[in-house]
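An overview of the molecular structure
If you want the building blocks of each chain, they are given just below.
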Amino acid sequence: MIPSTVIVVGSGLAGLTATIQLLGQRIPVLMLERFSHPGGNSIKASSGINGAPTPFQPIPNSDSVAAFHDDTVTSAGAPLVAASGAEKTRRQNLIETLVGQSSGAISWLADEQGIDLSRVAQLGGHSFARTHRGAGKKPPGYDIVSTLLGRVTGDELFRMETGRRVTKLLREAGGQVSGVEYTYVRDNETVVEKAYGPVVVASGGFAGDARGLLARYRPDLAGIPSTNDHREGTQPLLQEIGAAVVDMEHVQVHPTGFVDSKDPEAAVKILAAEALRGEGGILVRGDGRRFVNELEKRETVTHAMMEQAKEFPTTARQWDVNLVLDEGAAAALQMHLGFYTMKGLIRQTTVGELAEEIPLLHGALREYVDVVSEKTKDPFGRQSCGHWTLTEVLPESRVYVGKVTPVVHFTMGGVVINERSQVLDGQGQPIPGLWAAGEITGGLHGQNRLGGSSLLECVVFGRIAGDEAAAFYQGLDGQCLASS
Ligand code: FAD
Ligand code: SIN
């Protein structure tokens, strides 16, 4: 007889968070991960996680749950405005849960898991600095995921099976989800197996599914590079057993993926973290002219890049834009800068050296330093200049520059959940025995997710999913769901 367990699909932040909640209540967890290495996209996260208010935010701290709520609602836009009745309430509940539990999520990571989140940046669409990362050498996604992996590994109630691709959810005649079917390769043969138990699905989004779900829902994005490696979306597995999906057409195109001069047409690009702009970086066109408030919402910045910069006549669809930092911004991001310069994606140079290559840069910088020193208002409406310190632009002024282009990054759409992380069917009813958290879910972010709110949703709804699955499992009173 196989011992009863809760099954967690996916080893990213949402899956790990749910697992910690389950193990904390001494409930056995079987984690199934399709790749050979754990961590998903979560391990790549580069700017950090949102929370408000927290003790790490700059003092005096006027940020609040209400301000974070308003920013999230504004960013979510049309799908939230257009929703009515139960659907509107559901979306509002998700947002209220996200922002209301954000401060608790930061303290869970920092105080209970011991993760450094002491640096805080202001990202696009936020009215305060509230995106937290560590001060050390590890990027936030790696730091958070590796710490949580360390927590669960070695627990006798935890088993992770990598190289296992879940292909089906099992639903009993009575409607309850009773387990999953999965495949793996052994001795060059594909093996199909089943595991039994309540299921938490945390298998991420479909921004890497260029030929599958992306082509189906957003064919217009074909050819735009991505920050996501190839990976099929898993929403259809849940739809097969009756789960509803929402907002599948809302796909986030992040403004800044690095164009690597060694492989300029690469379909998968390294992300230029939004924190680079948050800490002071600016965007200029190929000729050097500034054209947008770099801390606008992502959809706005991306739109401006596509409208105002030159599109290259290449196979990959990309636009000619430079990201420029001064020494102050660079100093605030030493770990990031070290990595990007090592990869050859950003170089240190001087304004004088760039004069021929980016002819209008000198003038654009002169205008911008007047904004920083508050001599003039920013014509594009930028309010926060981060750690930019350059106040006099000379030929020898040191700057850091890299080529960037918009990249498919995140999928706002996904399976419908309620604020208890229960997966809902087409009639709005919870499917018993099934929860979902993280990027697999949809509706929370509307048409535009705020930077830093994905890691946050993984923690907030991962914890809820873990607690709900634990209560359900305990309600089963240790009954074994295994079939012989
Ligand atoms: P993931 O972390 O993607 O994990 C899902 C896991 O499920 C994967 O390991 C996958 O292999 C596995 N899986 C998928 N299908 C199956 C299957 N059928 N069977 C078994 N396993 C399966 N967000 C922020 O908030 N802040 C940031 O700074 C930030 N930076 C980012 C930087 C990059 C480069 C990228 C790509 C994204 C970034 N994001 C950031 C977004 C954020 O990282 C992700 O949206 C979030 O981590 C998703 O977490 P998740 O747990 O839902 O999914
Ligand atoms: C980034 O570092 O720009 C990604 C942040 C996010 O997607 O939230």
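Residues numbered from 1 in each chain as written. Chains lettered and ligands numbered in written order. Predicted model: local features only at pLDDT ≥ 70, side-chain atom pairs only at ≥ 80, totals over all residues. Heavy atoms only, no water.

1. Digging into helix H13 (residues 361-372)
Let me state the cut-off plainly: Counting from the N terminus, the helices are the DSSP runs of H or I reaching at least four residues and the strands are the DSSP runs of E reaching at least two. Expected helix span is computed as 1.5 Å times (number of residues minus one). The buried label applies to any residue whose accessible area, calculated with a 1.4 Å probe on protein chains only, is under 20% of its type's maximum; exposed applies above 50%, and partly exposed to all values in between. Here the arc refers to the set of directions running from the helix axis out to each C-beta atom. Between two residues, a contact is recorded if the distance between any of their heavy atoms is within 4.5 Å.
In this model H13 runs 16 Å from its N-terminal to its C-terminal C-alpha over 12 residues, within 8% of the 16 Å that 1.5 Å per residue would give. If you check which residues of H13 are buried, you get Leu361, Ala364, Leu365, Tyr368, Val369, Val371 and Val372. Buried residues of H13, seen end-on, are gathered within an arc of 150° and therefore sit on one face of the element. Contacts made by the buried residues of H13 are with strand E13 (282-285), strand E14 (321-326) and strand E16 (398-411). Where H13 ends, the next residue or the one after it, glutamate 374, has phi of about 60°, a positive value.

2. Re empty space enclosed by the protein
For the record, the criterion: Within this scheme a cavity is a closed region of a 1 Å grid, computed over the protein atoms alone, that accommodates a 1.4 Å probe without allowing it to escape, whereas a pocket is open but has protein on both sides within 12 Å along at least five of seven lines; lining residues each have an atom within 4 Å of a point. Grid points are joined across faces, edges and corners, and a volume is the space filled by probe spheres set on the points. When residues are sorted by character, Ala, Val, Leu, Ile, Met, Phe, Trp, Tyr, Cys and Pro go into the nonpolar class, Asp, Glu, Lys and Arg into the charged class, and all the rest, Gly among them, into the polar class.
Taken as a whole, this structure holds one cavity of 30 Å³ or more when the rule is applied. Its volume calculated, the largest cavity comes out at about 30 Å³. Surrounding the largest cavity, Thr72, Ser75, Ala76, His445, Asn448, Arg449, Leu450 and Ser453 form its lining. At three residues, the largest contribution of residues to the lining of the largest cavity is made by helix H2 (residues 65-76). Among the residues forming the lining of the largest cavity, the class breakdown is two nonpolar, five polar and one charged.

3. What about the nonpolar core?
For the record, the criterion: What makes a nonpolar core is a set of buried Ala, Val, Leu, Ile, Met, Phe, Trp, Tyr and Cys residues whose side-chain atoms join them at distances within 4.5 Å.
In this structure, Ile49, Val180, Val199, Leu238, Leu434 and Phe461 are the most contacted members of the largest nonpolar core, which totals 77 residues. The leading source of residues in this core is helix H14 (residues 453-475), at 11 residues. In contact with phenylalanine 461, not counting residues within four places along its chain, are Leu94, Thr97, Leu98, Ile417, Glu419, Ser421, Ala437 and Leu444. Leu123, Leu276, Leu325 and Val404 belong to the second largest nonpolar core, which has 27 residues in total.

4. Focus on the sheet that holds strand E9 (residues 189-196)
Short version of the rule: Between any two strands, at least two bridges found by DSSP are needed for them to pair. To get an axis, a line is fitted to the C-alpha atoms, and for a helix only the part in contact is used. The angle between two axes follows their N-to-C directions and goes from 0 to 180 degrees.
Read from one edge to the other, the open sheet built from three strands follows the order E7-E8-E9, with strand pairing classed as antiparallel. Each edge of the sheet is formed by a strand with only one pairing partner; in this case those strands are strand E7 (165-171) and E9. Taking each pair of neighbouring strands and ignoring which way they run, the sheet shows an average axis angle of 25°. Pairing of strand E8 (residues 177-186) with E9, which is carried by eight bridges, proceeds in the antiparallel orientation. Paired with valine 180 across the bridge in E9 is alanine 195.

5. Quick notes on the packing of helix H1 (residues 13-24) against helix H6 (residues 140-152)
Put simply, the rule is: Note: crossing handedness is left-handed where the near helix turns anticlockwise from the far helix by less than a right angle, and right-handed where it turns clockwise.
Relative to each other, H1 and H6 sit at 30°, their axes nearing to 10 Å. Crossing of H1 against H6: the hand is left-handed. Residue-level contacts link Leu13, Leu16, Thr17, Thr19, Ile20 and Leu23 of H1 to Ile144, Val145, Leu148, Leu149, Arg151 and Val152 of H6.

6. As for the domain arrangement of the protein chain
Quick reminder of the rule: What counts as a domain boundary in this text is fixed by an automatic or database domain assignment. Summed over both partners, the accessible surface that disappears when two parts come together, traced with a 1.4 Å probe, is what is meant by buried area. Salt bridges are identified by distance alone: a Lys or Arg side-chain nitrogen within 4 Å of an Asp or Glu carboxyl oxygen. Pairs of N or O atoms within 3.5 Å make up the polar contacts considered here, provided that, within protein, one atom can donate a hydrogen while the other can accept it, and that residues adjacent in sequence are counted only when both atoms are side-chain atoms.
By domain assignment, the protein chain separates into domain 1 (6-250 + 412-483) and domain 2 (253-407). Each of domain 1 and domain 2 has a C-alpha centre, and these two points are 31 Å apart. Interface of domain 1 and domain 2: buried area, both sides summed, is about 2200 Å²; carbon and sulfur atoms make up 54% of it. Considering only the side of domain 1, the residues that lose the most area to domain 2 are Ile224, Pro225 and Thr227, jointly responsible for 24% of the buried surface there. Viewed at the interface, domain 2 and domain 1 are joined by one salt bridge. Glutamate 279 is the partner of arginine 133 in a salt bridge, and the nearest nitrogen-oxygen pair spans 2.9 Å. Taken together, the links from domain 1 to domain 2 amount to 14 residue pairs in polar contact (both at pLDDT 80 or more). The leading source of residues in the side of domain 1 that touches domain 2 is strand E4 (residues 119-121), at three residues. Here the residues of the side of domain 1 that touches domain 2 are counted per class, giving eight nonpolar, 14 polar and seven charged.

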